[in-house]
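Spelled out, the chains give:
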Amino acid sequence: MNSKILLSPPHMGGNELNFINSAFESNWIVPMGPNIDAFETDLEKYIQEDKNVLSVSSGTAAIHLALILSDVRSNDEVICQSMTFSASANPIIYLGAKPVFIDSETDTWNMCPNALENCIKDRIKNGVKPKAIIVVNLYGMPAKMDSIVTISKRYNIILIEDSAESLGSSLNNKKCGTFGDFGIFSFNGNKIITTSGGGALVCSTSHQKEKALFLATQAKDTAPHYQHSEIGYNYRMSNVIAGIGRGQMQVLDKHVNLRRENNNFYQSLFKNIKGVFVQKEFSENYYSNHWLTCILIDDKKSSISNEELRLILIENNIESRPLWKPLHLQPVFRKYKYFGDNISEQLFNKGLCLPSGSSLNSQDKNRISKIIIDAFK
Ligand SMILES: *Cc1c(COP(=O)(O)O)cnc(C)c1O
């Protein structure tokens, strides 16, 4: 049997171990130190805006901190894109607040600005103005941030940009993660770059970063004894794994290009296959890192469905995965409000994510081509 082709495996650049060794040599085996400082500076330089980046233990922790800094409390409402990974919404529940889910639009598959504005108007009419909006750039594709930023400003609601999947993407040459009042990145093992597990919170002011660092370090007041006036969290990143992050930052743009080449590969592979749409940027202002390349299969026009293709691929030791199941359809979130026209549900029913790692080589691509061409015969 051929070796398994994975959806998005870790891909080391080469210098990660040197940075880890430097942590060992200097004995910074703690959740602070030179690798942390340098990794945060690398990220700040990369996103090219006047932002303050805090590295944390996960993308989920970063969302949790962003919500606390947005003053989200028990029984508040927080608007969240429905089509996303559950981690976008879980921290809303950690705080005892209530998510309100928004459908996708068909150009980017992300939050529909019209449904967002309808939702805000409805909630304000009902006397509950939402505290924050969580928008996601799924699979690396920037959401319609121009409209979403405008709406968040019009109603004066804090915007949190979940860029867990979109480090390296941009819209009108502005990097994803910098559009909101807060942005977050994830360095989980399957993401565009990884620290094995980790995340970052992008803050608009140094004051916000200080407050986030305070909360992420157990909320210790300034006192020689341990004194606490607030509930804290243990959310800091280790200086050891920040070394992996520094090595990964050196190859980020190279890996973005490789993922974009994967998307080109799938565009040409499916060019002559009827009923299959390969996700792409709908306008030239959009630049996706193509973290994952996804397809939609219209099984009225195609010989097989998305689920049939997934089973054929797995029989041949090739991993693929359905799109994120919309959160308003998840058993754990079903009781919350939802605004939209079931676009995300239609995408979920037709979609499939294909192997998209930056380490996908030409042999892998040949194997995938043969099996896919065969599957649609
Ligand atoms: C991965 C991911 C997260 C969570 O990040 P972790 O680092 O795994 O906690 C949040 N949102 C989205 C959209 C993600 O893909």
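This structure is a prediction, so every number in the text was calculated from the model and none was measured. (Residues numbered from 1 in each chain as written. Predicted model: local features only at pLDDT ≥ 70, side-chain atom pairs only at ≥ 80, totals over all residues. Heavy atoms only, no water.)

Draft legend 1. Seen up close, a nonpolar patch on the surface. A contiguous nonpolar surface patch, about 260 Å² in accessible area, is contributed by Trp28, Val30 and Met32. Take Trp28: it is sitting in the loop between helix 1 (16-26) and helix 2 (34-47). (Patch = residues over 30% accessible without salt bridge, like charges linked within 9 Å, V, L, I, M, F, W, Y side chains within 5 Å. Areas by Shrake-Rupley, 256 points an atom, 1.4 Å probe, with all protein chains shown as cover. Salt bridge = Lys/Arg side-chain N within 4 Å of Asp/Glu carboxyl O. Helix = DSSP H or I, 4+ residues; strand = E, 2+ residues; numbered from the N terminus.)

Draft legend 2. Fine view of the site of the ligand. The environment of the ligand is made up of 15 residues, and the closest members are Thr60, Asp162, Glu165, Ser186 and Lys191. In the model, a nitrogen atom of the ligand is placed 2.8 Å from a nitrogen or oxygen of the Asp162 side chain. In this structure, Glu165 approaches the ligand through a side-chain N or O atom, which is 2.6 Å from an oxygen atom. Burial of the ligand by the protein amounts to 93% of the accessible area it has alone, namely 380 Å². When each cavity is represented as a set of grid points, the ligand is found to reside in the largest pocket. Looking at the shell around the ligand residue by residue, the class counts come to 4 nonpolar, 8 polar and 3 charged. (Near = heavy atom within 4 Å. Polar contact = N/O pair within 3.5 Å; in protein donor to acceptor, adjacent residues only side chain to side chain. 1 Å grid on protein atoms, 1.4 Å probe; cavity = no way out; pocket = protein on both sides within 12 Å on 5 of 7 lines; lining within 4 Å. Sits in = over half its atoms within 2 Å of the grid points. Nonpolar A, V, L, I, M, F, W, Y, C, P; charged D, E, K, R; others polar.)

Draft legend 3. Summary view of the pattern of salt bridges. One pass over the structure, following the stated rule, counts 17 salt bridges. Where Glu319 meets Arg321, a salt bridge forms, and the shortest distance between an N and an O atom there is 3.6 Å. With relative accessibility at 18%, the residue Glu319 sits in the buried group. Judged by relative accessible area, Arg321 falls into the partly exposed class, the value being 36%. Here the salt bridges share partners, and the residues they tie into one network are Asp71, Arg73, Asp76 and Lys131. (Buried < 20%, exposed > 50% of the residue type's maximum accessible area, 1.4 Å probe, protein only.)

Draft legend 4. The arrangement of the packing of aromatic side chains in detail. Taken as a whole and assessed by the stated rule, the structure comprises 10 aromatic pairs. Arranged with centres 6.4 Å apart and planes meeting at 10°, the rings of Tyr139 and Trp291 form a pair that is stacked. Of this pair, Tyr139 sits in the loop between strand 4 (132-136) and helix 6 (145-154) while Trp291 is found in the loop between strand 11 (286-287) and strand 12 (293-297), placing the two residues 152 residues apart along the sequence. Here the two residues Tyr139 and Trp291 agree in accessibility, since each one is buried. By way of ring pairs, the aromatic residues Phe101, Phe333 and Tyr336 are connected into one cluster. One residue, Lys174, lies across the ring of Phe179, its end atom 5.2 Å from the ring centre. A cation over an aromatic ring shows up here: Lys175 above the ring of Tyr46, its NZ or CZ 4.8 Å from the ring centre. (Phe/Tyr/Trp six-rings, centres within 6.5 Å; stacked < 30°, edge-to-face > 60°. Lys NZ or Arg CZ within 6 Å of the ring centre and 35° of its normal.)

Draft legend 5. Up close: the sheet that holds strand 14 (residues 351-354). Spatial strand order, 10-12-14: 3 strands in an open sheet with antiparallel pairing. Strands at the two margins of the open sheet, each flanked by one partner only, are strand 10 (276-278) and strand 14. On average, each strand axis in the sheet is tilted by 25° relative to the strand beside it, whichever way the strands run. Alignment of strand 12 against strand 14, held across 4 bridges, turns out to be antiparallel. Residue Leu296 lies in a different strand from strand 14, and its bridge partner there is Gly351. Across the sheet, helix 10 (residues 306-315) is in contact with strand 12 and strand 14; its angle to strand 14 comes to roughly 25°. Across the face of the sheet, helix 11 (residues 343-350) comes into contact with strand 12 and strand 14 while running at roughly 60° to strand 14. (Pairing = 2+ DSSP bridges. Axes fitted to C-alpha atoms, helices over the stretch in contact; angles between N-to-C directions. Contact = heavy atoms within 4.5 Å.)

Draft legend 6. Here's a closer look at the domain arrangement of the protein chain. One can read the domain layout of the protein chain as domain 1 (16-249) and domain 2 (252-376). Between domain 1 and domain 2, the C-alpha centre-to-centre distance is 25 Å. The interface is formed by 49 residues belonging to domain 1 together with 38 residues belonging to domain 2. For the domain 1 and domain 2 pair, buried surface summed over both sides reaches about 3,900 Å², with 65% attributable to carbon and sulfur atoms. The largest per-residue losses of area from domain 1 upon contact with domain 2 belong to Phe101, Trp109 and Tyr139, which jointly make up 22% of the total buried on that side. Elements with a contribution of two residues or more to the side of domain 1 that touches domain 2: strand 2 (77-81), helix 4 (90-94), strand 3 (98-102), helix 5 (113-125), strand 6 (170-171) and helix 8 (239-249). Taken together, the residues of the side of domain 1 that touches domain 2 break down into 22 nonpolar, 17 polar and 10 charged. (Domains from an automatic or database assignment. Buried area = accessible area lost by both parts, 1.4 Å probe.)

Draft legend 7. Layout of the layout of surface pockets. Reported here for the largest pocket is a volume of approximately 250 Å³. Taken together, 19 residues form the lining of the largest pocket, with Phe85, Ala87, Ala164, Ser186 and Lys191 sitting closest to its centre. At the level of secondary structure, the elements contributing two or more residues to the lining of the largest pocket comprise helix 3 (59-69) and strand 8 (182-186). The element best represented in the lining of the largest pocket is helix 3, accounting for 3 residues. When the residues that make up the lining of the largest pocket are grouped by side-chain class, the tally is 7 nonpolar, 9 polar and 3 charged. Volume-wise, the second largest pocket comes out at about 180 Å³. Lining the second largest pocket are Val30, Pro31, Met32, Leu213, Ala216, Thr217, Gln218, Lys220, Asn234 and Arg236. Across the lining of the second largest pocket, the residue classes tally to 5 nonpolar, 3 polar and 2 charged. (Points joined across faces, edges and corners; volume = space filled by probe spheres on them.)

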